[in-house]
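# Tertiary structure, described
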Amino acid sequence: MCGVDTKMAETKALILVGGYGTRLRPLTLSRPKPLVEFANKPMILHQIEALVTVGVREVILAVSYRAEQMEKEMSDEAKKLGVRLVFSHESEPLGTAGPLALAKHLLSNTQNQPFFVLNSDIICEYPFKDLIAFHKSHGCEGTIVVTKVEEPSKYGVVMYDEDTGRIESFIEKPQEFVSNKINAGIYILNPSVLDRIKLEPTSIEKEVFPFMAQDGQLYAFNLKGFWMDVGQPKDFLTGMCMYLTSLKTRSPTSLYSADGVVGNVLVDPTATIGEGCKIGPNVTIGPNVTVEDGACLRRCTILAGATVKSHTWLDSCIIGWRSVVGCWVRMENTTVLGEDVIVKDELYINGGQVLPHKSISTSVPDPQIIM
Amino acid sequence: MLKAVILIGGPSKGTRFRPLSLDVPKPLFPVAGLPVVQHHIDACYRLGQKRSSISEDNSNSNVGKYCVAEVLLLGYYGDDELAEFLLTATQSYPSLRIRYLREPDALGTAGGLYHFRDTILAPLDNSEGEQVQAFFVMNGDVCADFPLDEMLDMHFNNNSHQSQHQQKQPVLITVMATETTRQQSVHYGCMVVDKETNIIQHYVEKPSTFVSNTVNCGVYLCSPRLFDTIADIHLEILNSNGNGNQQNISRYTTSNNKNNINQQQQQKPVEERVAGAMVIWMEQDVLRRLAGESGSSCSSMSSGGDGSGRIKKGSKCGGVALAATTRNWWSQLKTAGAAIYANRHYLALRQQRQRLLQRESVIDLPLPSPVKCRLATADPKGYSTIGNVYVHPSAQVHPTALLGPNVSVGEGAFIDQGVRIKESIVLQDAVIGQHSLVMHSIIGRRAKVGAWCRVEGSAACSDPNPNVAYAKMTPQLPLFNALDGRLNPSITILGCGVNVESEVVLLNSIVLPYKTLTRSYKNEIIL
């Protein structure tokens, strides 16, 4: 064990945090995307924790925006986990490959130790240990995690040999079905890959991987369990459902149970829940949240400090930090409230995206962005 | 002695009131806890109570003499449809005789009256032959703060208002009138009224161009002699139909009160008297003829020439029609949306009256039992209310529910914990599940709404514009949008026996009876 640890200590990881996180607005207007709490934990912390368990001691965050806020908020967590966070700041967006070139001096090493690369929006049961083993076993330059999806046409499809795992080609957003295995946005690469990347805006999927595949240097690792890109509200909620289901098998005691709780529900111990509520399935309630009597919550994330008043019914909603939802309110259909939003009593919000610090006093019966 | 005739129509009427009129005749639809026509009866009853109390300490004038002794519902519903209502109404108003007169056919507003003229004019058995001095005629779908007092005063004191003009003209009919906006007036019967004498000089039903802001409210006070005018019209129609048409009008009804005929209708030729079923309208036929009548004999009036073509033989039964213009609240119950509006006003009226009662508790008017039902504010049962709320004593409301403003909850209804209701009518035996919200809606009889439902209509867009003086409800608002064929936002209506499953949202939808809804609907009619 000791031997493994010292050896792994050399392994680093780079997380592609990137830019403004516009797809997750209005939440990302208040907080950088990696800090938005997914299942009561900043999104990026899920990844860092998983990396730490396989011995990663240095995580490079490739950021182009709000690095200071992240640094400030993540430093305590990093200290707790015993991991060093290095911020690699892009002065201009460098795509998915450019940040690797920018961090070349941090990633390259003499021992030819491979490093992890992660897209920051990915939620799954990170299989880092098996991934390293697989990567070592084939001995080539890179390994891509692939996952099976129902609708591959939205993603980059990976064509590979099912027996050996060797990747033949990539088909970006195929119009017709070719395969249901897609690039899951998690890689392990040897430092030699850095020689293939120039310091300019480059796409790793389009401008690096296809050539590696041509050279026979790229392998696919099939992911077990769930996978979701939670970079937008709809998928954020779907991903939360998957995560809670996975948590149910991995760590059932961390889930909340009480009268009126249905299915998988995660509740921060500092939250208070009133009488006669129906909570769940698939609800996450953050720190210092108040849910008053007789509320019904399904498939929701309630972020820290928010209040949901009596008799209110929520389905498929994300309630922003310190927002207040009045009595007898009904909100559904991926309604997202930004930070500190007030929804007055008795309103109906259907698919509303509400920007921070708004006060809503009329119903929104059709999906709409409320500036 | 006075009588009142309430014109309630029949099952083929009130289609715009569907689906609420599918299981209950529209005249019996409860608004503010009372069937629509009971508000008419109530007004007649209160008139009597008030007048008798005034006359005790104030011998002044003829005011105290007029009292409604009998209320006649006139229409063509089946007798059984009204039997139960008649029974309870009779118990609630012991001093009134209340009867239903069933028309053999839809005879029009005046045709029905004429058909039953003998019954209407017959003295009551217990009244020692006291003659009917006048009778109210009220359209059953009018909802209003009926100014019956003022109509009586005008009708019988007309001579005092009339200046030194010419010989006095007998008043045949006094029409309750109200002001509307210029645009809205054309949807009603428009009247040109002389400001000094209140005589109606000109009458047009739903004109295509602007005629007058003053419109007919569908409430009349008629003198017995009005029947002479109707008889003339009857005869004219008969003649104009040609001689060969005699068999067409084979439905001649023999008057049911033969012994009264001679006494009441002495001056009429015999053949007119037996003539019966024929469609005659109060508005187009009677009022149009009477309007401007006086003008032909009174040179000082200007507009006498207006309808000269019509006024032929009519002038012989000389008499005038007056308009009693009121600023009281008035509307019509044509659509279901109008019920919410009427509910609001009737609740407010009752609240106002109760406050008045408390202040003048010395008089302590006897109220019929249904009106005594509490108007909840600080309720002993413990639930909270906002504004005017009526809850039937047999309804159950959970202490955590919040009702109002403008909510009526019917007999035997059950309102569960944490329910919120506003601007709505919940009918008999309906059930609202816990934490549900109901607003701008009508919940039909025995309808059941699950938990955490949202049943919501639009604050009736046909409501009068509060920023426009004299604005009324928009009566001609179409159900569907002409552009995209979608349902215009309306109140939400659940027909009787509808079952809404938990956590469903219903927006601006109309649900026909006995449907079970398992999903949400928006702007739909659910057949």
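Residues numbered from 1 in each chain as written. Chains lettered and ligands numbered in written order. Predicted model: local features only at pLDDT ≥ 70, side-chain atom pairs only at ≥ 80, totals over all residues. Heavy atoms only, no water.

Helix and strand counts for chain B come out as 13 helices and 33 strands. The buried share of chain B, reckoned over its 527 residues, is 58%. As displayed, chain B has an accessible area near 21,600 Å², and 49% of this comes from carbon and sulfur atoms. (Helix = DSSP H or I, 4+ residues; strand = E, 2+ residues; numbered from the N terminus. Buried < 20%, exposed > 50% of the residue type's maximum accessible area, 1.4 Å probe, protein only. Areas by Shrake-Rupley, 256 points an atom, 1.4 Å probe, with all protein chains shown as cover.)

This paragraph deals with helix H9 (residues 233–250) of chain A. In a regular helix each residue adds 1.5 Å, so 18 residues correspond to 26 Å; H9(A) covers 25 Å between its end C-alpha atoms and thus fits that length. Along H9(A), the residues that are buried comprise A:Pro233, A:Asp235, A:Phe236, A:Leu237, A:Gly239, A:Met240, A:Cys241, A:Tyr243, A:Leu244, A:Ser246 and A:Leu247. (Expected span 1.5 Å × (residues − 1).)

Attention shifts here to the sheet that holds strand E33 (residues 525–526) of chain B. Residue and element names in this part refer to chain B. Here seven strands make up an open sheet; going across it, the order is E15-E18-E21-E24-E27-E30-E33 and the pairing parallel. Looking at strand neighbours, the two that pair on one side only are strand E15 (389–391) and E33, the edges of this open sheet. By the bridge criterion, three bridges tie strand E24 (residues 441–443) to strand E27 (residues 492–494) in an arrangement that is parallel. What sits directly across from Ile-442, in E27, is Ile-493. (Pairing = 2+ DSSP bridges.)

Residue-level contacts link 19 residues of chain A with 18 residues of chain B. When chain A packs against chain B, the two sides together hide about 1,400 Å² of surface, and 50% of this comes from carbon and sulfur. Looking at the side of chain A facing chain B, the largest losses of area belong to A:Trp328, A:Arg330 and A:Glu346, adding up to 47% of the total buried there. Taken together, chain A and chain B are joined by five salt bridges. With a closest N to O distance of 2.1 Å, B:Lys522 and A:Asp366 form a salt bridge. Connecting chain A to chain B are 15 residue pairs in polar contact (both at pLDDT 80 or more). Put simply, the parts of the chain that give the side of chain A that touches chain B at least two residues each are strand E19 (296–302), strand E23 (330–332) and strand E26 (348–350) of chain A. When the residues that make up the side of chain A that touches chain B are grouped by side-chain class, the tally is seven nonpolar, six polar and six charged. (Contact = heavy atoms within 4.5 Å. Buried area = accessible area lost by both parts, 1.4 Å probe. Salt bridge = Lys/Arg side-chain N within 4 Å of Asp/Glu carboxyl O. Polar contact = N/O pair within 3.5 Å; in protein donor to acceptor, adjacent residues only side chain to side chain. Nonpolar A, V, L, I, M, F, W, Y, C, P; charged D, E, K, R; others polar.)

Attention now moves to the side chain of B:His440. Within the fold, B:His440 resides in the loop between strand E23 (437–439) and E24. Setting aside chain neighbours within four positions, we find B:His440 in contact with B:Ile340, B:Lys422, B:Glu423, B:Ser424, B:Gly457, B:Ser458, B:Ala459, B:Ile491 and B:Thr492.

The next subject is helix H3 (residues 67–81) of chain A. Residues and elements named next belong to chain A. The end-to-end C-alpha separation of H3 is 20 Å, in line with the 21 Å expected for 15 residues at 1.5 Å each. Of all bends in H3, the biggest is about 40°, found at Met-74. Of all the residues in H3, the buried ones are Ala-67, Met-70, Met-74 and Ala-78. On its buried face, H3 sits against strand E1 (12–18), helix H2 (43–53), strand E4 (58–63) and strand E5 (84–89). Phi turns positive one or two residues past the end of H3, at Gly-82, with a value near 70°. (Bend = angle between axes of the 7 residues up to and from the residue.)

Omega for the peptide link from A:Gly280 to A:Pro281 comes to 0°, which places this bond in the cis form. With respect to the helices and strands, A:Pro281 occurs in the loop between strand E16 (278–279) and strand E17 (283–285). Residue B:Pro405 is reached from B:Gly404 by a cis peptide bond, and omega for that bond is 0°. Of note, B:Pro405 is situated in the loop between strand E17 (402–403) and strand E18 (407–409).

Moving on, we get to the sheet that holds E17(B). Residues and elements named next belong to chain B. Spatial strand order, E14-E17-E20-E23-E26-E29-E32: seven strands in an open sheet with parallel pairing. Of all the strands in the sheet, just strand E14 (384–385) and strand E32 (521–522) have a single pairing partner and so form its edges. Pairing of E23 with strand E26 (residues 454–456) involves three bridges; the strand directions are parallel. Pairing of Leu-437 across the sheet is with Arg-454, part of E26.

For the structure on display, the rule yields zero disulfides over all chains. Between A:Cys124, a free cysteine, and A:Cys241, which holds the nearest cysteine sulfur, the sulfur-to-sulfur gap is 17 Å. We note that B:Cys44 lacks a disulfide partner, and the nearest cysteine sulfur, in B:Cys67, lies 10 Å from it. (Disulfide = S-S within 2.5 Å.)

As a further point, take the UniProt feature "domain: Mannose-1-phosphate guanyltransferase C-terminal" (unreviewed entry) in chain A. According to UniProt, the positions carrying the feature "domain: Mannose-1-phosphate guanyltransferase C-terminal" (unreviewed entry) are residues 261–370 of chain A. The distance from the first to the last C-alpha atom of residues 261–370 of chain A is 32 Å, and the span holds 0% helix and 45% strand. (UniProt positions renumbered as here; feature names shortened; annotations may be inferred.)

Applying the stated criterion to the full structure yields 34 salt bridges over all chains. The salt bridge partner of A:Arg196 is A:Asp215, with a shortest N-O separation of 3.0 Å. With A:Arg196 in the loop between strand E11 (181–189) and helix H7 (204–207) and A:Asp215 in the loop between helix H8 (209–214) and strand E12 (218–222), this pair connects stretches of sequence that are 19 residues apart. Overall, the relative accessible area of 47% leaves A:Asp215 in the partly exposed class. The residue B:Glu236 makes a salt bridge to B:Arg289 at a minimum N-O spacing of 2.2 Å. Taken as a pair, B:Glu236 in helix H8 (residues 226–240) and B:Arg289 in helix H11 (residues 282–290) lie far apart in primary sequence, 53 residues in all. Of the residues examined, B:Arg289 reaches a relative accessible area of 6% and is grouped as buried.

As a further point, take the packing of aromatic side chains. Tallied over the full model, the rule gives 14 aromatic pairs over all chains. When the centroid spacing of 4.8 Å and the interplanar angle of 55° are considered together, the rings of A:Phe116 and A:Phe128 count as tilted. Note that A:Phe116 is positioned in strand E6 (residues 115–119) and A:Phe128 in helix H6 (residues 128–138), a separation of 12 residues in sequence. Accessibility assignment for this pair places A:Phe116 and A:Phe128 in one class, buried. Taken together, a centroid distance of 5.0 Å and an interplanar angle of 90° make the contact between B:Trp329 and B:Tyr346 edge-to-face. In this pair, B:Trp329 sits in the loop between strand E12 (320–325) and strand E13 (330–332) while B:Tyr346 sits in helix H12 (residues 336–359), placing the two residues 17 residues apart along the sequence. Take B:Trp329: its relative accessible area is 13%, and that puts it in the buried class. For B:Tyr346, a relative accessible area of 5% translates into the label buried. Above the ring of B:Tyr114, the side-chain terminus of B:Arg117 is found at 4.0 Å from the ring centroid. (Phe/Tyr/Trp six-rings, centres within 6.5 Å; stacked < 30°, edge-to-face > 60°. Lys NZ or Arg CZ within 6 Å of the ring centre and 35° of its normal.)

Grouped together as the largest cluster of nonpolar side chains are 74 residues, with contacts concentrated most on B:Phe29, B:Val68, B:Val71, B:Phe136, B:Phe146, B:Leu148 and B:Ile442. The dominant element in this core, judged by the number of residues it contributes, is H12(B), at nine residues. Grouped together as the second largest cluster of nonpolar side chains are 63 residues, A:Ala39, A:Val230, A:Met240 and A:Tyr243 included. (Core = buried A, V, L, I, M, F, W, Y, C linked by side-chain atoms within 4.5 Å.)

Turning to the domain arrangement of chain A, a few remarks are in order. Residues and elements named next belong to chain A. Taken domain by domain, chain A consists of domain 1 (12–229) and domain 2 (251–369). When each unit is reduced to the centre of its C-alpha atoms, the spacing between domain 1 and domain 2 is 32 Å. Across the contact, 10 residues belong to domain 1 and 19 residues belong to domain 2. Contact between domain 1 and domain 2 buries roughly 1,000 Å² in total, counting both sides, with carbon and sulfur atoms accounting for 70%. Contact with domain 2 buries surface across domain 1, with Pro-26, Leu-27 and Asn-40 losing the most and accounting together for 53% of the total. Joining domain 1 to domain 2, the criterion identifies zero salt bridges. Applying the counting criterion to the domain 1 and domain 2 interface returns three residue pairs in polar contact (both at pLDDT 80 or more). Grouping the amino acids of the side of domain 1 that touches domain 2 by side-chain chemistry returns five nonpolar, two polar and three charged. (Domains from an automatic or database assignment.)

Moving on to the packing of H2(A) against H3(A). Residue and element names in this part refer to chain A. With their axes 11 Å apart at the nearest point, H2 and H3 run at an angle of 30° to one another. Taken as axis vectors, H2 and H3 run roughly parallel relative to one another. Of the two possible hands of crossing, H2 and H3 adopt the one that is right-handed. Contacts between H2 and H3 involve Ile-44, Leu-45, Ile-48, Glu-49 and Val-52 on the former and, on the latter, Met-70, Met-74, Glu-77 and Leu-81. Split by residue class, the contact of H2 with H3 holds seven nonpolar, no polar and two charged. (Axes fitted to C-alpha atoms, helices over the stretch in contact; angles between N-to-C directions. Parallel < 35°, antiparallel > 145°, perpendicular 65-115°, else oblique. Left-handed = near helix turned anticlockwise from the far one by under 90°.)

Okay, the pairing of E4(A) next. All names here are of chain A. In terms of burial, E4 is a largely internal element, six of the six residues being buried. On E4, burial covers both faces: Glu-58, Ile-60 and Ala-62 on one face and Val-59, Leu-61 and Val-63 on the other are all buried. Relative to E4, E1 is paired through six bridges, and the arrangement is parallel. Its bridge partner lying in E4, Ala-13 is registered against Val-59. Where E4 and E5 come together, six bridges link them in parallel fashion. The partner of Glu-58 across the bridge, within E5, is Arg-84. Viewed along the sheet, the connection from E4 through H3 into E5 turns out right-handed. (Right-handed = clockwise from strand over helix to strand, strands pointing away.)

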